[in-house]
Structure formats: structure tokens, C-alpha cells
Amino acid sequence: MEWFNKLERKYSKYAINNLMLYIIILYAVGFVIELFANGVYDAYLSLDFVMIMKGQVWRLVTFIIQPPSNSIIFVFFSLYFYYMIGQILENIWGAFKFNVYFFTGVLLNIIAAFIIYLLFGISFNMSTHYINLALFMAFAIEQPDMQVLLFFVIPIKIKWMAILDAIIFAITIICGFAVPTLAVSGMNAAWTIWGSLYSAGLLSPSGMGCYANAIAALVSMLNFIVFMIIFKKGRTKNSAQRNFNKAMKTAKKAQQNRENVKRPSFNETFYNANSEKTDWNTANQPYSRINPGRAKHKCAVCGRTELDDENLVFRFCSKCEGSYEYCNEHLYTHIHVGKQ
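First, a word on scope: everything that follows refers to the structure included in this document. All values reported here derive from a predicted model rather than from experimental measurement. (Residues numbered from 1 in each chain as written. Predicted model: local features only at pLDDT ≥ 70, side-chain atom pairs only at ≥ 80, totals over all residues. Heavy atoms only, no water.)

## Focus on the overall build of the protein
Inclusion rule: Only runs of H or I of at least four residues qualify as helices and only runs of E of at least two qualify as strands under DSSP, and these elements are numbered from the N terminus. Exposure is judged per residue with a 1.4 Å probe applied to protein chains only, and the accessible area is read against the type maximum: over 50% gives exposed, under 20% gives buried, and values in between give partly exposed. The contact rule is simple, with two residues in contact once any of their heavy atoms fall within 4.5 Å. Using the Shrake-Rupley algorithm and a 1.4 Å probe, accessible areas are obtained, with residue cover drawn only from the displayed protein chains.
Within the protein, the regular secondary structure consists of 14 helices and 4 strands. Looking at the protein residue by residue over its 340 residues, the buried ones come to 41%. Taking all contacts inside the protein whose residues are at least 6 apart in sequence as the whole, residues at least 24 apart take part in 63%. By element, 62% of the accessible surface of the protein is carried by carbon and sulfur atoms, the whole surface being about 19500 Å².

## Comments concerning the packing of helix 6 (residues 72-93) against helix 7 (residues 95-120)
Basically, it comes down to this: In this description, a line fitted to the C-alpha atoms serves as the axis of each element, helices being fitted only across the stretch in contact, and the angle between N-to-C directions of two axes falls anywhere from 0 to 180 degrees. By definition in this entry, angles of less than 35 degrees are roughly parallel, angles greater than 145 are roughly antiparallel, angles of 65 to 115 are roughly perpendicular, and the rest are oblique. Gly is put with the polar residues, along with every residue not named as nonpolar or charged; the nonpolar set is Ala, Val, Leu, Ile, Met, Phe, Trp, Tyr, Cys and Pro, and the charged set is Asp, Glu, Lys and Arg.
Taken N-terminus to C-terminus, the directions of helix 6 and helix 7 make an angle of 130°; their axes are 6 Å apart at the nearest point. Comparing their axes, helix 7 and helix 6 come out oblique. Taking contact as the criterion, the partners of G86, L89, E90 and W93 in helix 6 are, on helix 7, A95, K97, F98 and Y101. Looking at the contact of helix 6 with helix 7 residue by residue, the class counts come to 5 nonpolar, 1 polar and 2 charged.

## Section: the packing of helix 6 against helix 8 (residues 129-142)
A packed helix pair is summarised by two numbers, namely the angle formed by the two axes and the spacing between the axes. The condition that has to hold: By convention the crossing between two helices is left-handed if the near helix lies anticlockwise of the far one by an angle smaller than a right angle, and right-handed if it lies clockwise.
The interhelical angle for the contact between helix 6 and helix 8, taken along N-to-C directions, is 55°, at an axis separation of 10 Å. Relative to helix 8, helix 6 is oriented oblique. Two packed elements cross with a definite hand, and for helix 6 against helix 8 that hand is left-handed. Of the residues in helix 8, those touching helix 6 at F81, Y82, I85, I88, L89, I92 and W93 are N132, L135, F136, A138, F139 and E142. Split by residue class, the contact of helix 6 with helix 8 holds 11 nonpolar, 1 polar and 1 charged.

Everything listed here is a matter of geometry and, on its own, says nothing about what the molecule does.
Put into C-alpha cells, the structure is as follows:
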């Protein structure tokens, strides 16, 4: 989006680089507090609007130190996993967009808790669950075919885990609003559904709890919904980009049919997931343009310059041997030169 690109050009210097490292450190501090001073977080640091209205405004910030897991067994895996997906998203999007996405999730968490407080007069202690879920869902959109070991044993693609989370998310919202309303209106089937979903841990035993959970889920995840709708829509590709993508698809099919082709390593597959793949000798050959004008930057993959699109960002790849410059669309999707 043009307006966002303008914001990025103007304010990107204020973005926090390697943001997820600092967040993971905060999660680790929160875990230590829970481990050695159990109850301190809920008593003094959680997002409790009853106490915030009494002057404990620091809770608006300190609530984010709650770790994604309180289990000693799983906390290190959780911290590493969220650090990894945060770093990958920052590498793909850039520090500015990742900062906006993360802090928008934090702000929406606060707004959701405030709305519930205004509507029901209760303190709904929002955890960092939906902040982390928004990160995971965005990562699943960007890297759907990446595999992880579920319970350290079962290999599963990220997209299948995301689909399961999306189903639970939809049930929490839709049934959270609909089931209590239908049950109160006298529909017997709604009571049966409510009981089943409550037994499965998907709905609260009270109507107010169901409404609060539904509001919390919907508002807290608006950053994911809005970001994915806006930024995945993008602008229509020009003819050069369409022809380039068509050529890359043809090259990919030819490579798949070629015999005795060395299978890429995990790292190669990871860095080139969902990207155009050719053989090592031709993957990163610069595209020669005739009369590129006074362009200062040119992508080594697609050959576009800042004269083609003023919104393109060009950077050198530190993993390639030689001075190869890439646009933001190919910086993290090209095959590295000299790393075969």
C-alpha cells in the first residue's frame, strides 16, 4: 500500500531492529518471576483494568512479559520458536513493518480488555496468547510449507497447525456470540452445543465469559486480519514481472524433470521456500537491461531498478559471495551465489 510505504520511508529509522530478541528476553524474565514468585504477575503486572483505573497504569506495559508457556519442559522450545518466527518475519517484511504489526497487536490487546471492562464491568486479564497467535498466523502465511516437530516427534507443516488454530479461533468468536444468545432464547440444541464445546475447552461456562472471550479474540486478532487483507492484496504486477514469473515457473518444471539433480539442503529449501528456483549456475545471473538510465540500484534477479518502481527497496545480500544487490521481493527468496 502506497500510504504504508510512505510511512516506512519516513519513520523506518525509528524501528527497533531485532525486536523479537528483546521480546523473548521479556518473556524469559516473566517466566523467572512466575517460577520463583508465583502470583506476583497476576497481583501487580497483569492487564487488570480494575487496577489500572485505580492508578496502576504500568500494567498497560508490564503485561507483555507473560511467557507463552509456564511449563519448564516447553518454555525453552516456545521461546526459541517465537524468536525464530519473529526473526523470519522481520527479515521478510523489514523491521518497520514487523514493529508496526507487533505493537499493533499489543495495542489491540489493551483495547479488547478495555472494551470488555466497559461492557461488562469486569477485568478480563488479557494474556499474550493472541499477540503470539497473530505472529504465528502471519508466519504461516509467509512460510506455509515449513515443517516443525510437534511434541518433538511428529513432523507437521506449519499450515496445518495454522488451520487448526484458525478453526479454534472461528469457534471462539462465532459460537461465543451465537450459542449463549440462542440458548437464552430457548433453543435446546444450543445448550447441547454449549455443553460439548465447554467440555472441549472452547467455550466459557457463563454467557458473559463467552461474550468476553469472543470480543477478546476478534479485537486482538484484527491486526492479523487487516494486515493479511491489505498487504497480501498488493498491486497488480506489470508485464515484465508476469513474464519473469512465468519464466521462473518454466525453469522450475524443467529442473524437476532433470535427472540426477542434487536435492537442496534444508537451509536452501528454507531460504528459497515459495520462491522461484533454477539451477545454481543461472539462478542469480544479473538480468541485463538496455539503457537503464541513471538508476543507482538494480536487482540481480529480476533486473528492476528504482526507476521501475519507486517503492522498491534494494539491499546487498551478506550471504552471497560478491556484490549482489536485490530488491525487497527477492532479497530473501533468491539462491545464494557461491553457497552451493
